[in-house]
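One letter stands for each residue in the lines below.
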Amino acid sequence: MATRSGLRASVRALRTSDSIYCRCARPFSTTLQSRYPAPSPSDRTKTTHFGFEDGVSEKEKTERVAGVFHSVAESYDRMNDLMSFGWHRIWKDHFVSSLNPGASSSNPPKPQRILDVAGGTGDIAFRMLHNAHVLNSNPDVHVTISDINTSMLSVGKSRSEALPASQQTALSFLPADATVLPDAIADSSIDLYTVAFGIRNFSNIPAALREAYRVLKPGGVFACLEFSKVGNPLLNAAYKRWSFSGIPMIGQLVAGDRDSYQYLVESIERFPTQEAFRDMIVDAGFVVGGEGYENLTGGVAAIHKGMKPLKPTS
């Protein structure tokens, strides 16, 4: 694991050089998997960006993002409150409520298997278990928290000890790269795939979307909560000023790590627009409805959902 001071030096040096599933937004063929083959080892040599820095290999980005999250893991939840003035909690509550995990018209309710990707600290997973087990009285809902970063998973495991025993037994943890999920997550085995405030850090977003498509059952749902683009010019100006001035400063004062939070705000800026990301989801084979996304707080964040078709269409 890189030291915090080493990470800072590295970053500085490198910087300077519900019924929504009503239609398919774009047609796709029965040869979907041949159009999107599984990622090969050579994919890891392709270039991407790390914040505002271009020309970074996917392998290097994966390693550097890991360094960022190893560095911020212990202060991550506290920093989220400070950076968003607590709004991240409202967004996450709404995200989970909109998915309503555990809901079922059958009696007894149907089991459900959920994969929460980049969910290390458990914020989304714990909400889903409460929604399923308590609000929907469905104890047959299991959530796997997957994260590439073991430091984040350690935080989640520690926090999970406060959950009721029945929810703890319905929870598992899986270290994994979202772009190449392990064989433990079989094809067509997941009912709901969620990722919140994590997908923008993936080294290859299209590959991660293909993996989400692979592991979801026909009729399964991909759901993503992510920072996005603000439409109102005045709100956008205030948001940008806060992001690039306030957040790195708070990172320095609270977490002693300005560079990691500088990267995080740069990664938000580089993430695709709502429309572009929706199109990436459709290109992976999912069907979406309406606009394909829901803006939160004027577009500061957005929810994207897509469904894996029950049957491929030509």
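About the cut-offs
Residues numbered from 1 in each chain as written. Predicted model: local features only at pLDDT ≥ 70, side-chain atom pairs only at ≥ 80, totals over all residues. Heavy atoms only, no water. UniProt positions renumbered as here; feature names shortened; annotations may be inferred. Helix = DSSP H or I, 4+ residues; strand = E, 2+ residues; numbered from the N terminus. Buried < 20%, exposed > 50% of the residue type's maximum accessible area, 1.4 Å probe, protein only. Areas by Shrake-Rupley, 256 points an atom, 1.4 Å probe, with all protein chains shown as cover. Phe/Tyr/Trp six-rings, centres within 6.5 Å; stacked < 30°, edge-to-face > 60°. Contact = heavy atoms within 4.5 Å. Core = buried A, V, L, I, M, F, W, Y, C linked by side-chain atoms within 4.5 Å. pLDDT = per-residue confidence, 0-100. Axes fitted to C-alpha atoms, helices over the stretch in contact; angles between N-to-C directions. Parallel < 35°, antiparallel > 145°, perpendicular 65-115°, else oblique. Left-handed = near helix turned anticlockwise from the far one by under 90°. Nonpolar A, V, L, I, M, F, W, Y, C, P; charged D, E, K, R; others polar.

An unreviewed UniProt entry lists the protein under the name 2-methoxy-6-polyprenyl-1,4-benzoquinol methylase, mitochondrial, from Apiospora arundinis. As recorded by UniProt, the Catalytic activity (unreviewed entry) comment attached to the protein reads in full: "a 2-methoxy-6-(all-trans-polyprenyl)benzene-1,4-diol + S-adenosyl-L-methionine = a 5-methoxy-2-methyl-3-(all-trans-polyprenyl)benzene-1,4-diol + S-adenosyl-L-homocysteine + H(+)". Here the protein is described in UniProt, under the heading Function (unreviewed entry), as follows: "Methyltransferase required for the conversion of 2-polyprenyl-6-methoxy-1,4-benzoquinol (DDMQH2) to 2-polyprenyl-3-methyl-6-methoxy-1,4-benzoquinol (DMQH2)."

Colleague: Explain the overall build of the protein here, please?
Modeller: Regarding its fold elements, the protein presents 12 helices and nine strands. Relative to its 314 residues, the protein shows a buried fraction of 54%. For the protein, the exposed surface amounts to about 14000 Å²; the carbon and sulfur share of it is 56%.

Colleague: Looking at this structure, I do not really get the environment of asparagine 204. What am I missing?
Modeller: Here asparagine 204 shows up in the loop between strand 6 (190-196) and helix 9 (205-215). Along the sequence, asparagine 204 and lysine 46 sit 158 residues apart, while their C-alpha atoms lie 9.0 Å from each other.

Colleague: Could you clarify how one ought to interpret the packing of aromatic side chains in this entry?
Modeller: Centre-to-centre distance and the angle between the planes together describe a pair of aromatic rings. Tallying each qualifying case throughout the model produces eight aromatic pairs. With 5.5 Å between their ring centres and 35° between their planes, tyrosine 193 and phenylalanine 222 make a pair best called tilted. With tyrosine 193 in strand 6 and phenylalanine 222 in strand 7 (residues 216-227), the pair connects residues that are 29 residues apart, well separated along the chain. Judged by relative accessible area, which is 1%, tyrosine 193 ranks as buried. Classification of phenylalanine 222 by relative accessible area gives buried; the value is 1%. Ring plane angle 75° and centroid distance 5.4 Å describe the contact between tyrosine 213 and phenylalanine 286, whose orientation is recorded as edge-to-face. Of the two residues, tyrosine 213 sits in helix 9 while phenylalanine 286 sits in the loop between helix 12 (274-283) and strand 8 (293-296), which places them 73 residues apart along the sequence. Note on tyrosine 213: relative accessible area 8%, which makes it buried. Overall, the relative accessible area of 0% leaves phenylalanine 286 in the buried class.

Colleague: Help me understand the UniProt feature "binding site: S-adenosyl-L-methionine" (unreviewed entry) in the protein, please; the structure alone is not making it clear to me.
Modeller: The feature "binding site: S-adenosyl-L-methionine" (unreviewed entry), as annotated in UniProt, sits at Thr121, Asp147, Asp177 and Ala178 in this numbering. Locating threonine 121 in the fold gives a position in the loop between strand 3 (112-117) and helix 6 (123-135). The exposure class of threonine 121 is buried, given its relative accessible area of 5%. Counting through the fold element by element, aspartate 147 comes out in strand 4 (residues 141-147). Dropping the residues within four chain positions of it, aspartate 147 is found in contact with Ala118, Gly119, Gly120, Met152, Leu153, Leu174, Pro175 and Ala176.

Colleague: Can you walk me through the nonpolar core in this structure?
Modeller: In a soluble, globular protein the nonpolar side chains are often hidden away together inside. Ranked by internal contacts, the top residues of the largest apolar core, which has 32 residues, are Trp91, Phe95, Leu171 and Leu225. When residues no more than four places from it in sequence are discounted, the contact partners of tryptophan 91 are Ser84, Phe197, Leu225, Phe227, Leu296, Thr297, Val300 and Ala301. In this structure, Val117, Ala178, Ile199 and Val282 belong to the second largest nonpolar core, which totals 28 residues.

Colleague: Would you take a moment to explain the confidence of the model for the protein for this structure?
Modeller: Detailed reading of the predicted coordinates is not advisable wherever pLDDT is low. Mean pLDDT over the protein stands at 80; residues scoring 70 or higher make up 75%. Below pLDDT 50 for its whole length, residues 1-44 participates in 84 contacts with residues either more than four positions away or in separate chains.

Colleague: Even after reading the chapter, I still don't get the packing of helix 5 (residues 87-99) against helix 6, so can you show me in this structure?
Modeller: Any two packed helices are characterised by how steeply their axes cross, that is the angle between the axes, and by the distance between the axes. The contact between helix 5 and helix 6 brings their axes to 10 Å, and the two run at 45°. The angle between helix 5 and helix 6 falls in the class oblique. In the packing of helix 5 onto helix 6, the handedness of the crossing is right-handed. On helix 6, the residues that touch His88, Arg89, Lys92, Asp93, Phe95, Val96 and Ser97 of helix 5 are Asp123, Ile124, Arg127, Met128 and Asn131. Of the residues in the contact of helix 5 with helix 6, the class split is four nonpolar, three polar and five charged.

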